[in-house]
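# Chains, contacts and geometry: an overview
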Amino acid sequence: MLINESYEEMINSIAQQDFSKAGPSFNDIMNDKIATALEQEKAAIASFMFSDEDDVTDEEIDDAIDELEDDDEDEEDDEEE
């Protein structure tokens, strides 16, 4: 199911007060978001692990972690809107 279809189905179910149908749609949307976030994290870790750089500083690691946390916060803010 496409994400847009999931959103539309969930919104229509809520509008019709059919919450038993809206719940699974919400779960599908959240599962898709989690899967996407996990894939992004895997790609970031893989690129870090297999990069040609031999010397990675603690500051670079902290910056990468901060960037990932900022991305997570941005996604959470987008979900709240």
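Structure shown above.
Below is a summary of the structure that appears in this document.

Reading the values: rules and limits
- Residues numbered from 1 in each chain as written.
- Predicted model: local features only at pLDDT ≥ 70, side-chain atom pairs only at ≥ 80, totals over all residues.
- Heavy atoms only, no water.
- Helix = DSSP H or I, 4+ residues; strand = E, 2+ residues; numbered from the N terminus.
- Expected span 1.5 Å × (residues − 1).
- Buried < 20%, exposed > 50% of the residue type's maximum accessible area, 1.4 Å probe, protein only.
- Salt bridge = Lys/Arg side-chain N within 4 Å of Asp/Glu carboxyl O.
- Polar contact = N/O pair within 3.5 Å; in protein donor to acceptor, adjacent residues only side chain to side chain.
- Contact = heavy atoms within 4.5 Å.
- Patch = residues over 30% accessible without salt bridge, like charges linked within 9 Å, V, L, I, M, F, W, Y side chains within 5 Å.
- Areas by Shrake-Rupley, 256 points an atom, 1.4 Å probe, with all protein chains shown as cover.
- 1 Å grid on protein atoms, 1.4 Å probe; cavity = no way out; pocket = protein on both sides within 12 Å on 5 of 7 lines; lining within 4 Å.
- Points joined across faces, edges and corners; volume = space filled by probe spheres on them.
- Nonpolar A, V, L, I, M, F, W, Y, C, P; charged D, E, K, R; others polar.

### What about helix 2 (residues 19-49)?
End to end, helix 2 covers 44 Å across 31 residues, agreeing with the expected 45 Å (1.5 Å per residue, within 8%). Those residues of helix 2 that sit buried are A22, S25 and I29.

### A few points about the pattern of salt bridges
Inspection of every chain in the model, using the stated rule, returns one salt bridge. In this structure, the salt-bridge partner of K42 is E39, at a minimum N-O distance of 3.5 Å. Placement of both K42 and E39 in helix 2 is noted, with a separation of three residues, approximately one turn of the helix.

### Some thoughts on the side chain of S25
Take S25: it is sitting in helix 2. A distance of 3.4 Å separates the side chain of S25 from the backbone oxygen of K21, its partner in a polar contact. Apart from the residues within four sequence positions on either side, S25 is in contact with S6, E9 and M10.

### Description of a nonpolar patch on the surface
A cluster of nonpolar side chains, namely I45, F48, M49, F50, I61 and I65, defines an oily patch on the protein surface of about 620 Å² accessible area. The set of elements that each furnish at least two residues to the nonpolar patch consists of helix 2 and helix 3 (58-80). Looking at which element gives the most residues to the nonpolar patch, the answer is helix 2, with three residues. Along the chain, F50 turns up in the loop between helix 2 and helix 3.

### Overview of the layout of surface pockets
Looking at the largest pocket, its volume works out to about 260 Å³. Every residue lining the largest pocket is listed: E41, A44, I45, S47, F48, I61, A64, I65, E67, L68 and D71. Broken down by secondary-structure element, the contributors of at least two residues to the lining of the largest pocket are helix 2 and helix 3. For the lining of the largest pocket, the leading source of residues is helix 3, giving six residues. Here the residues of the lining of the largest pocket sort into seven nonpolar, one polar and three charged.

Such coordinate-based values are descriptive only and should not be taken to indicate function.
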